[in-house]
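# Examining the three-dimensional arrangement
Listed below, chain by chain, are the residues.
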Amino acid sequence: MSTHATTARTDTRYAPVPTIHYDLVPARRLSLETVARRTGLHPDLVARFVALGLIDAERDHAGRLVFALDAPAALGRVERLHTGLCLNYASIGLVLDLLDRIDRLEAALRRSGVRSDQPSWT
């Protein structure tokens, strides 16, 4: 019987190193009070629109609502649909989804180069 010295090769596996991403300039956000003041709406109504999903918002580190810079324009769109077409807020959500879908489809048509003889209805 021969004895051979064998060295077992062990695979050293390292845990993946997490990457950390730091923004050089933090994204500018608007507070609930600023959005309410710019749109002329009560802050509670703006918060309700967030709860209904009619407008997007995030929470800051303190749990307060913060909005993108285009939030006042989006709220203006909601209010125009509400007053101009007498739609309730549940219906407005559906209309906004449909309008966004139409915008995406029209953009896809423009990118594909397909031309229509009829002008865009929007």
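Here is a short report on the structure shown in this document.

Thresholds applied
Residues numbered from 1 in each chain as written. Predicted model: local features only at pLDDT ≥ 70, side-chain atom pairs only at ≥ 80, totals over all residues. Heavy atoms only, no water. Axes fitted to C-alpha atoms, helices over the stretch in contact; angles between N-to-C directions. Helix = DSSP H or I, 4+ residues; strand = E, 2+ residues; numbered from the N terminus. Parallel < 35°, antiparallel > 145°, perpendicular 65-115°, else oblique. Left-handed = near helix turned anticlockwise from the far one by under 90°. Contact = heavy atoms within 4.5 Å. Nonpolar A, V, L, I, M, F, W, Y, C, P; charged D, E, K, R; others polar. Pairing = 2+ DSSP bridges. Phe/Tyr/Trp six-rings, centres within 6.5 Å; stacked < 30°, edge-to-face > 60°. Buried < 20%, exposed > 50% of the residue type's maximum accessible area, 1.4 Å probe, protein only.

### Side note on the packing of helix 1 (residues 32–39) against helix 3 (residues 71–85)
Contact pair helix 1 / helix 3: the axes reach a minimum separation of 9 Å and the direction vectors enclose 50°. As judged from the angle between their axes, helix 1 and helix 3 are oblique. In this structure, the crossing between helix 1 and helix 3 has a hand that is right-handed. Across the interface between the two elements, Val35, Arg38 and Thr39 of helix 1 pack against Ala71, Pro72 and Leu75 of helix 3. Of the residues contributing to the contact of helix 1 with helix 3, the split by class is four nonpolar, one polar and one charged.

### A short note on the sheet that holds strand 3 (residues 65–67)
Taken in spatial order, the three strands line up as 1-3-2 in an open sheet, and their pairing is antiparallel. The open sheet has two free edges, formed respectively by strand 1 (30–31) and strand 2 (58–59), since each of these has just one partner strand. Sheet topology places strand 1 next to strand 3; two bridges connect them, and they run antiparallel. In the strand pairing of strand 3, serine 31 is matched with valine 66.

### A short note on the packing of helix 3 against helix 4 (residues 89–112)
Two numbers describe how helix 3 lies on helix 4: the axes approach to 10 Å, and their chain directions differ by 120°. Classed by the angle they form, the pair helix 3 and helix 4 counts as oblique. The hand of the helix 3/helix 4 crossing is right-handed. Seen from helix 3, the contacting residues are Arg77, Val78, Glu79, Leu81 and His82; seen from helix 4, they are Tyr89, Ile92, Val95, Leu96, Leu99, Asp100 and Asp103.

### Thoughts on the packing of aromatic side chains
Aromatic rings considered in pairs are described by the distance between their centres and by the relative angle of their planes. Under the counting rule described, the total for this entry stands at one aromatic pair. Where phenylalanine 49 meets tyrosine 89, the ring centres are 4.9 Å apart and the plane angle is 65°; that geometry is what we call edge-to-face. Remark: tyrosine 89 occurs in helix 4 and phenylalanine 49 occurs in helix 2 (residues 43–52); sequence separation between them is 40 residues. An identical accessibility class is assigned to phenylalanine 49 and tyrosine 89; each is buried.

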